[in-house]
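Each chain, written out:
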Amino acid sequence: MIIPQEEKFKHPEYMQYLELYERTITGLEAGARGSGAPETIILSCLKTALNFYDADSAALVEADTELGYGVVVAEFCREGVRSFEGRVVGINPEETPFLYDKILTHDVFDIETDNPPADLTKNEYDLMKRMGVRILAVGPYCKRYSGYLYVRNPKKFLGLYGMIQALSYVCASERNEFKLMDDLNIAVSSKQCRTDKDVVIKVFGGLSITTKFGTLTESDITSPLGIRLVAYLLLNDTRKVHQRELTEALWPNLEVDAPAKQVKNVVHRIRQILSPIFPDNLVASDKSGNYYINPNVNITTDASAFESFCRNGMRPNIPKKEKIAYLLRATEIYQDDFLPKFVGDSWLDNQRTYYRLAYLQTVLALLPALYQDGDYSAMYSISSEALLYEPDNGDIHYWHIRAMMNLGSYDLAQKHFAQHIQTLSDAQKDVLETILFSHH
């Protein structure tokens, strides 16, 4: 609970807090002086916040309250603590009204899940629990960009959160100079990997793995079995996978001699291949024959971001601008199918179909929204791209033709209509014929 100014001197740690506050701020200024790197300064602020409050993590969230979402653009965690860097969070009066109102006041606040505020909604409480929050201390800022710095589960100086507010405004100043990420852009780049434990994995269009030390693409990873092993563990990253299950996934419908040894060989091979960019192993194991993604690395994937943007864009009663923003980002992330070269294994094929259907659902929700918004150029571009994946989908053809007509290309629209009329429903044919006839 935030301690009023007049009560702070009664706090048992207040004198220690004041002394450490001055020393910490002085040290931070000295360390930042001349660095010229906003990214470095922000990470230093987060590390400072984490150590000052003896917390589990400290993170910076950039918010767009008009569109109703925020992105965790950087997070510094203690070893073994799950990172939420890259996560999209709702910040709007419908989904997170408590958080939304508090951020707009620009005042420091905290949330204790054991004694939650009366106006904290169930959705917000569930979000806190999913993040493993017992106490969340938050320092909002509004200095050209809006956002906040939060500290998860502080153990020292509870209620004395002036340091969080100070560090929040330092981060805001640095964001004004340089955006750490280009407005939710998750393009794979080693610049995103700021610590040895940060990993960015791309699965749309083929596997690529990026760490602070470089990138390995699918063509660099010369072990198809290794790629499938990493993919399987990523898809099951909430649990440990026993070697028997991995054997069935890697060699379906085959009798494998010494399966435990064969799995070990694949794991050893992929560790060797990834070793130039991994100071620690991506694939971990235990003595019981289980394999799993190393819990000490902070993984961001294009697939998880894609799902997050799709999910947020499909929320009921979402404002149109916000819906379009989310769904546009989802279509940008989906650059190609999920591991398109690995066809034939049922679990890979099923996952590929899942993402393709999610992409199709996203496109079919986005195109009419763009039409209502009058953005016919974006309609044309997105429908053109979608038709490469779904060339016989009449709904996409319908909106593609509507886009061409509204862009003034009636001759092209007429030609496309004649070529693909068999894919359209009777109602769609009637609408398009009426418009084309009235124009001519």
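Here the structure is a predicted model, which means the values were calculated and not measured.

Trainee: What should I look at first to understand the sheet that holds strand S9 (residues 214-217) in this one?
Mentor: Within a sheet, each strand pairs with its neighbour through backbone hydrogen bonds, oriented either parallel or antiparallel. Ordered in space as S9-S8-S7-S13, the four strands form an open sheet in which the pairing is mixed. Every other strand in the sheet has two partners, leaving S9 and strand S13 (298-301) as the edge strands with one partner each. Going from strand to strand, the sheet's axes swing by 20° on average, the running direction of each strand aside. Examined bridge by bridge, strand S8 (residues 208-211) and S9 share four bridges and lie antiparallel to one another. Along S9, the bridge assignment pairs Ile 209 with Leu 216.

Trainee: Would you take a moment to explain empty space enclosed by the protein for this structure?
Mentor: Empty space among the atoms can be located by rolling a probe the size of a water molecule over them. One pass over the full model with this rule turns up two cavities of 30 Å³ or more. The computed volume of the second largest cavity comes to approximately 30 Å³. Elements represented by at least two residues in the lining of the second largest cavity include exactly helix H3 (97-105) and helix H4 (122-130). Of the residues forming the lining of the second largest cavity, the biggest block, three residues, is contributed by H4. For the lining of the second largest cavity, the residue count by class is six nonpolar, no polar and one charged.

Trainee: I would appreciate a short explanation of the pairing of strand S1 (residues 57-64) in the present structure.
Mentor: Strand residues, when the strand is regular, have side chains that alternate between the two faces of the sheet. Summarising burial for S1: seven of the eight residues are buried, a large majority. With eight bridges connecting them, S1 and strand S2 (residues 69-77) associate as antiparallel partners. Within the sheet, the bridge partner assigned to Asp 64 lies in S2 and is Tyr 69.

Trainee: Would you mind going over the nonpolar core with me for this structure?
Mentor: Across soluble globular proteins, nonpolar side chains show a tendency to be buried alongside one another. Counting residues in hydrophobic clusters, the biggest one holds 82 residues, and the most contacted among them are Ile 209, Ile 221, Leu 229 and Phe 306. A per-element tally of this core places helix H11 (residues 346-373) first, with twelve residues.

Trainee: I would appreciate a short explanation of the state of the cysteines in the present structure.
Mentor: A disulfide bridge is the covalent bond that connects two cysteines by way of their sulfur atoms. For the structure shown, the criterion picks out zero disulfides. As a non-bridged cysteine, Cys 171 has Cys 45 as the owner of its nearest cysteine sulfur, 4.2 Å distant. Overall, Cys 171 belongs to the buried group, its relative accessible area being 0%.

Trainee: So what exactly am I meant to see when it comes to the environment of Trp 347 here?
Mentor: With respect to the helices and strands, Trp 347 occurs in helix H11. Taking C-alpha positions, Trp 347 is 9.7 Å from Leu 235, a pair spaced 112 residues apart along the chain. In this structure, Trp 347 is in contact with Arg 228, Ala 231, Tyr 232, Leu 235 and Ala 249, ignoring residues within four places of it in sequence. A polar side-chain atom of Trp 347 sits 3.1 Å from the main-chain carbonyl oxygen of Ala 249.

Trainee: Explanation requested: the packing of aromatic side chains in the structure shown.
Mentor: Given two aromatic rings, one states the distance between the centres and the angle between the planes to describe the pair. For the coordinates displayed, the defined rule picks out 25 aromatic pairs. When the ring of Tyr 14 is compared with that of Tyr 17, the centres are 6.4 Å apart and the planes differ by 20°; the resulting orientation is stacked. Placement of both Tyr 14 and Tyr 17 in helix H1 (residues 14-32) is noted, with a separation of three residues, approximately one turn of the helix. Of the residues examined, Tyr 14 reaches a relative accessible area of 15% and is grouped as buried. Owing to a relative accessible area of 6%, Tyr 17 belongs among the buried residues under this scheme. Here the aromatic rings of Phe 306 and Tyr 355 are separated by 6.3 Å at their centres, their planes lie at 70°, and the arrangement is edge-to-face. In this pair, Phe 306 is assigned in helix H9 (residues 302-313) and Tyr 355 in helix H11, connecting sequence segments 49 residues apart.

Trainee: I keep staring at the pairing of S8 and nothing clicks. Help me out?
Mentor: Taking every second residue as pointing to the same face, both faces of S8 are buried, with Ser 208 and Thr 210 on one and Ile 209 and Thr 211 on the other. Pairing analysis gives three bridges linking strand S7 (residues 198-202) to S8, with the strands arranged antiparallel. If you follow Val 200 over to S8, its bridge partner there is Thr 210. Counted along the chain from S7 to the antiparallel partner S8, the turn is five residues long, and its residue Gly 205 has a positive phi close to 90°. Connecting the antiparallel pair S8 and S9 is a turn made up of two residues.

Trainee: Would you take a moment to explain a positive patch on the surface for this structure?
Mentor: On the surface, Arg 82, Arg 87, Arg 130 and Arg 311 cluster together into a patch of positive charge. One can find Arg 87 in the loop between S2 and strand S3 (88-90). The exposure class of Arg 87 is partly exposed, given its relative accessible area of 33%.

Trainee: Got a minute to help me understand the packing of helix H13 (residues 394-406) against helix H15 (residues 426-439) in this structure?
Mentor: A packed helix pair is summarised by two numbers, namely the angle formed by the two axes and the spacing between the axes. Look at H13 against H15: their axes get within 11 Å of each other, and the N-to-C directions meet at 15°. Regarding the angle of H13 to H15, the classification is roughly parallel. Considering how the two elements wind past one another, H13 and H15 form a crossing that is left-handed. Residues Gly 394, Asp 395, Tyr 398, Ile 401, Arg 402 and Met 405 of H13 touch H15, and the partners they reach there are Gln 428, Val 431, Leu 432, Ile 435 and Leu 436. Residues belonging to the contact of H13 with H15 are distributed by class as follows: seven nonpolar, two polar and two charged.

Cut-offs applied
Each chain carries its own residue numbering, running from 1 in the written order of its sequence. In keeping with the predicted nature of the model, local features appear solely for residues at pLDDT of at least 70, side-chain atom pairs appear and are counted solely at 80 or more, and the whole-chain, interface and lining totals rest on all residues. Hydrogens are left out, water is left out, and the side-chain values use all remaining heavy atoms of the structure. Note on pairing: DSSP must find at least two bridges between two strands before they are called paired. Strands are runs of DSSP state E lasting at least 2 residues, helices are runs of H or I lasting at least 4, and numbering of each runs from the N terminus. Only the stretch in contact is used when fitting a helix axis, every axis being a line fitted to C-alpha atoms; angles between N-to-C directions are given from 0 to 180 degrees. Any residue with an atom within 4 Å of a point lines the site, the site being either a cavity, points on a 1 Å grid over the protein atoms alone where a 1.4 Å probe fits but cannot get out, or a pocket, an open set with protein on both sides within 12 Å along at least 5 of 7 lines. Grid points are joined across faces, edges and corners, and a volume is the space filled by probe spheres set on the points. Polar here means any residue other than Ala, Val, Leu, Ile, Met, Phe, Trp, Tyr, Cys and Pro, which are nonpolar, and Asp, Glu, Lys and Arg, which are charged; Gly is therefore polar. Here the term buried applies to any residue with accessible area under 20% of the maximum for its type, exposed to any over 50%, and partly exposed to those in between, with areas from a 1.4 Å probe on protein chains only. What is meant by a nonpolar core is a set of buried Ala, Val, Leu, Ile, Met, Phe, Trp, Tyr and Cys residues, joined one to another through side-chain atoms within 4.5 Å. When two cysteine sulfur atoms lie within 2.5 Å, the pair is treated as a disulfide. Two residues qualify as a contact provided that any one of their heavy atoms is within 4.5 Å of a heavy atom in the partner residue. Two N or O atoms form a polar contact when they lie within 3.5 Å of each other; inside protein one atom must be a possible hydrogen donor and the other a possible acceptor, and for residues adjacent in sequence the pair counts only when both atoms belong to side chains. Aromatic rings from Phe, Tyr and Trp, with only the six-membered ring used for Trp, were paired whenever their centres fell within 6.5 Å, and each pair was classed as stacked if the ring planes differed by under 30 degrees, edge-to-face if by over 60, and tilted otherwise. Each patch is built from residues that are more than 30% exposed by relative accessible area and take part in no salt bridge. Like charges join if they lie within 9 Å; nonpolar side chains (Val, Leu, Ile, Met, Phe, Trp, Tyr) join within 5 Å. Using a 1.4 Å probe, the Shrake-Rupley method yields the accessible areas, and only the shown protein chains count as cover for residues. Any Lys or Arg side-chain nitrogen found within 4 Å of a carboxyl oxygen on Asp or Glu counts as a salt bridge. Working convention for charge: Lys and Arg count positive, Asp and Glu count negative, and His plus the chain ends are omitted. For charged residues, the charge sits on one atom: NZ in Lys, CZ in Arg, CG in Asp, CD in Glu. Roughly parallel refers to an angle under 35 degrees, roughly antiparallel to one over 145, roughly perpendicular to one between 65 and 115, and oblique to any angle outside these ranges. We call a crossing left-handed when the near helix sits turned anticlockwise from the far one by less than a right angle, and right-handed when that turn is clockwise.

The quantities given are spatial measurements derived from coordinates; they are silent on function.
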